[in-house]
Amino acid sequence: MSEKRELVLILDFGSQYTQLIARRIREQRVYCEIHPCTVPLEKVRELNPKALILSGGPSSVYDEDAPPFDPRVFELGIPVLGICYGLYLVAQTFGGKVERATAREYGAARVVVERPEGIFHRFSKRETLDVWMSHGDRIVSLPPGFATIGVSGNTPFCAVGNAEKKIYGLQFHPEVVHTPRGSDILASFLFDVSGLHPTWTPGSWTDEAIDIVRQRVGADEHAVCGLSGGVDSSVAAVLCHKAIGDRLTCIFVDNGVLREGEVEQVVATFRENFHLNLIAVDEKKRFLDALRGVTDPEQKRKIIGKVFIDVFEEQAAKVKGARYLVQGTLYPDVIESVSFKGPSAVIKSHHNVGGLPERMNLQLIEPLRELFKDEVRAAGESLGMPRDLLYRQPFPGPGLAIRCLGEITEERLAVLRKADTIVTSEIHQAGLNEQIWQSFCVLLPVRSVGVMGDGRTYEETCAVRAVRSVDGMTADWAPLPYDLLGRISNRIINEVRGINRVVYDISSKPPATIEWE
Ligand code: XMP
């Protein structure tokens, strides 16, 4: 971590909103990191934060099993903002009294500004703020030195502060969208109270990240990277290439279940435009042989995962001096919100080349592990990567195998690819690509009767799926315009031999998933 960068430290007490706090701070162009509330004091000193935020959390400060926390962080003399649980922790630590509220308060509420100072510096006296509450405790007496700066109908201690110590607390959540002026409160905390500077951008971050990789990988050492052509691995690869040039070898595996033109596109982009040292291995046959006759979704996934690791291992073993494995792990994959239950690094299995680092004695390089997806895209832009690559829709590791329901054959894959290309190009032409999280086709092993010209057809069905989502965890089916759906259907039935019926999937997640298998 560079000394130049001003860091805000967020201590996580397990709130579902902790990641959101981090996002909101970074949107103000200030760098921040989330650490579990159990982080040792020495580590906090080493991080040298310029301000501290204590998150909310599901516990109560008076609970026997309240998350452990070292109150000596208050002696660092840096500004502190406690949110919800963080507020109660401040109140209790400094000698106030916290107890269970008679009624849990959850949802929209109003706060009246009592003193327009400190974190309320950007408001005027008596101004009313719409806020979002989620708590079951309340402060009954304020600690000495603290004053009320905002009141709600339920409590006179809704927003409190100690101007001299620069310690503030809020009973509501400024980080959620339901608190529309929340960003003014956070801005006041960062700039008016803490005197920070809005200088951090994912772009400024890239130079630093390149430096870190350069220093880490010795002059005669090499790194390998599994490049899928997706946003995360692509940005990680380009960034590492800037750091260590040809000492990075990227391995791209054609597993036979990629989309139309994908191999050519990845090779052209990365080998020709970015001059990456790229090995593209054609293992179509190996994957399709292993998948022959398999119809069970989980089996398909397992087979693809296993063959991928075998192939990757073989290829990586050929790279002389390989000591590092580059992965595009992102921040949401790394942190677990209920982190005080034990620091754990959660990495999605598809991001991890399962067990390979240990087996091959490779050390992981994860240059994006501090970033959110939109920040990765911004970093990619500052690395000169094209927008259409950075805004590509997610594509699952098991590829078309989990969109080709039933048995996977070359013929059925070819049919699916053609239909999928039509959906992709129509969505692009309609200018909807960046508004839609994913849009694709699923080939169903369901035949139905149709009539084309004078002849009877008996062919398979194609389901078109288009969803809107923020993170893939939940999703709504996209209300695509009828004329667009009509064009997609017409084109697929007319142009793709093997499909004579198109249906549109109008299921949201949950209870359905985005992929069909
Ligand atoms: P589901 O189908 O669970 O998918 O709603 C959520 C998101 O994850 C993607 N997905 C995967 N990505 N390997 C991946 O890299 C996988 O095995 C995998 N399965 C699903 C899916 O496309 C969606 O964006």
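Residue indices begin from 1 for each chain and proceed along its sequence in written order. The model is predicted, so local features are restricted to residues of pLDDT at least 70 and side-chain atom pairs to those at 80 or more, both for listing and for counting; the totals for chains, interfaces and linings are taken over all residues. In computing side-chain values, all of the structure's heavy atoms are included and hydrogens and water are not.

In the nomenclature of an unreviewed UniProt entry, the protein is known as GMP synthase [glutamine-hydrolyzing] of Pendulispora rubella. UniProt positions are given in the numbering used here, feature names are shortened, and annotations may be inferred rather than shown by experiment. For the protein, the Function (unreviewed entry) comment in UniProt is given as "Catalyzes the synthesis of GMP from XMP." Checking UniProt for the protein, the heading Catalytic activity (unreviewed entry) contains the comment "XMP + L-glutamine + ATP + H2O = GMP + L-glutamate + AMP + diphosphate + 2 H(+)".

K.L.:
How should I be thinking about the state of the cysteines in this particular structure?
P.N.:
The term disulfide refers to a covalent linkage connecting the sulfur atoms of a pair of cysteines. The criterion for a disulfide is a pair of cysteine sulfur atoms lying within 2.5 Å. This structure, assessed with the given rule, holds zero disulfides. There is no disulfide at Cys37, and the cysteine sulfur nearest it, in Cys84, is 15 Å away. The thiol sulfur of Cys441 is not disulfide-bonded, and the nearest other cysteine sulfur, from Cys462, lies at 3.6 Å. Each residue is assigned to one of three classes by its accessible area relative to the maximum for its type, calculated with a 1.4 Å probe on protein chains only: buried under 20%, partly exposed between the two thresholds, exposed over 50%. The class for Cys441 is buried, based on a relative accessible area of 0%.

K.L.:
Sorry if this is basic, but what is going on with the pattern of salt bridges here?
P.N.:
Salt bridges are identified by distance alone: a Lys or Arg side-chain nitrogen within 4 Å of an Asp or Glu carboxyl oxygen. If you walk through the whole model with that rule in mind, you get 36 salt bridges. Asp374 serves as the salt-bridge partner of Arg23, at 2.7 Å between the closest nitrogen and oxygen. Residue Arg23 is located in helix H1 (residues 18–27), and its partner Asp374 is located in helix H12 (residues 373–382); the two are separated by 351 residues in the primary sequence. Note on Asp374: relative accessible area 39%, which makes it partly exposed. Runs of E in the DSSP output that reach at least two residues are strands. Runs of H or I that reach at least four are helices, and both are numbered from the N terminus.

K.L.:
Sorry, what's going on with the nonpolar core here?
P.N.:
Generally speaking, a soluble globular protein has its nonpolar side chains buried in company with each other. We define the nonpolar core as a collection of buried residues of types Ala, Val, Leu, Ile, Met, Phe, Trp, Tyr and Cys that are connected through side-chain atoms lying within 4.5 Å of one another. Membership of the largest hydrophobic core comes to 71 residues, with the highest contact counts inside it found for Leu54 and Phe270. Considering every element that reaches this core, the biggest residue donor is helix H6 (residues 231–244), with nine residues. Where a domain begins and ends is set by an automatic assignment or by a domain database. Each of domain 1 (7–193) and domain 2 (202–390) accounts for three or more of the residues forming this core. By definition, residues are in contact when any of their heavy atoms lie within 4.5 Å. When neighbours within four sequence positions are excluded, Leu54 is seen to be in contact with Leu11, Phe13, Phe69, Phe74, Val80, Leu81, Gly82, Ile83, Gly86, Leu89 and Val90. Val224, Phe312, Ile422 and Leu485 belong to the second largest nonpolar core, which has 48 residues in total.

K.L.:
I tried to follow the sheet that holds strand S6 (residues 128–141) on my own but got confused; where do I start?
P.N.:
Each strand in a sheet pairs with its neighbour through backbone hydrogen bonds, running either in the same direction (parallel) or in the opposite one (antiparallel). Pairing is mixed in the open sheet, where nine strands are placed in the order S2-S1-S3-S4-S9-S8-S7-S5-S6. What marks the edges here is a single partner per strand, and that holds for strand S2 (31–36) and S6. Within the sheet, the average angular offset between the axes of one strand and its neighbour, ignoring direction, is 20 degrees. Here an axis means a line fitted to C-alpha atoms, over the contact stretch when the element is a helix, while the angle between two N-to-C directions is reported on a 0 to 180 degree scale. Lying over the sheet, helix H3 (residues 85–93) contacts strand S3 (51–54), strand S4 (80–83), strand S5 (97–113), S6, strand S8 (159–162) and strand S9 (167–170), oriented at roughly 40 degrees with respect to S6. For two strands to be treated as a pair, DSSP must find no fewer than two bridges joining them.

K.L.:
Mind showing me how you'd approach the environment of Phe69 here?
P.N.:
Topologically, Phe69 is positioned in the loop between S3 and S4. For the pair Phe69 and Gln393, spaced 324 residues apart in sequence, the C-alpha to C-alpha distance is 41 Å. Setting aside residues up to four positions removed in sequence, Phe69 forms contacts with Leu11, Phe13, Cys37, Leu54, Phe74 and Leu89.

K.L.:
Where do I start with the pairing of S8 in this structure?
P.N.:
Sheet faces and side chains relate simply in a regular strand, where the side chains alternate between the two faces. Burial along S8 is two-sided: Ala159 and Gly161 facing one way and Val160 and Asn162 facing the other are all buried. Once strand S7 (residues 147–152) ends, the chain turns through six residues before running back antiparallel as S8. Bridge analysis of S8 against S9 gives four bridges, and the strand direction is antiparallel. When the bridges of S9 are listed, Val160 appears paired with Gly169. In this antiparallel pair of consecutive strands, S8 and S9, the connection spans four residues, and Lys166 shows a positive phi of 60 degrees.

K.L.:
Teacher, can you tell me more about the domain arrangement of the protein here?
P.N.:
Often, the extent of an interface is quoted as the loss of accessible area upon association of its parts. By the assigned domains, the protein splits into domain 1 (7–193), domain 2 (202–390) and domain 3 (409–504). Computed from C-alpha coordinates alone, the two centres of domain 2 and domain 3 are separated by 29 Å. Listed by partner, the interface residues are seven residues for domain 2 and six residues for domain 3. When two parts are brought into contact, each loses some accessible area as probed by a 1.4 Å sphere; the total of that loss over both is the buried area. Here domain 2 packs against domain 3, burying approximately 570 Å² in sum over the two surfaces, 48% of which is carbon and sulfur.

K.L.:
Please explain the UniProt feature "active site" (unreviewed entry) in the protein as it appears in this structure.
P.N.:
Using the residue numbers shown here, the UniProt feature "active site" (unreviewed entry) corresponds to Cys84, His173 and Glu175. Spatially, the listed residues are clustered: although they cover 92 residues, their C-alpha atoms lie within 11.4 Å of one another. Mapped onto the secondary structure, Cys84 falls in the loop between S4 and H3. Examined against the element boundaries, His173 turns out to sit in the loop between S9 and helix H4 (182–193). Not counting chain neighbours up to four residues away, the residues in contact with His173 comprise Ser15, Tyr17, Ile83, Cys84, Trp132, Ser134 and Thr179.

K.L.:
Looking at this structure, I do not really get the pairing of strand S1 (residues 7–12). What am I missing?
P.N.:
Burial runs high along S1: six of the six residues are buried. Side-chain alternation along S1 places Leu7, Leu9 and Leu11 on one buried face and Val8, Ile10 and Asp12 on a second face that is also buried. The pairing of S1 with S2 spans six bridges and is parallel. Directly across from Leu11, in S2, lies its bridge partner His35. If the strands point away from the viewer and the path from the first strand over the helix to the second runs clockwise, then the crossover is right-handed. Taken together, S1, H1 and S2 form a β-α-β motif whose crossover is right-handed.

K.L.:
Please clarify how the site of the ligand should be interpreted in this entry.
P.N.:
The rule for a residue being near a molecule or strand is that one of its heavy atoms must lie within 4 Å of it. Looking at the ligand, there are 13 residues lining it, with Arg301, Gln438, Lys509, Ile514 and Glu515 nearest. With respect to the ligand, the side chain of Gln438 contributes an N or O atom lying 2.8 Å from an oxygen atom. Any pair of nitrogen or oxygen atoms within 3.5 Å is treated as a polar contact; in protein, a donor-acceptor pairing is required on top of that, and neighbouring residues in sequence qualify only through side-chain atoms on both sides.

K.L.:
How should I be thinking about the side chain of Asp254 in this particular structure?
P.N.:
Among the structural elements, Asp254 can be located in strand S11 (residues 248–254). With relative accessibility at 9%, the residue Asp254 sits in the buried group. Here Asp254 is in contact with Val263, Val281, Asp282, Glu283, Lys284 and Phe287, once residues within four sequence places are set aside.

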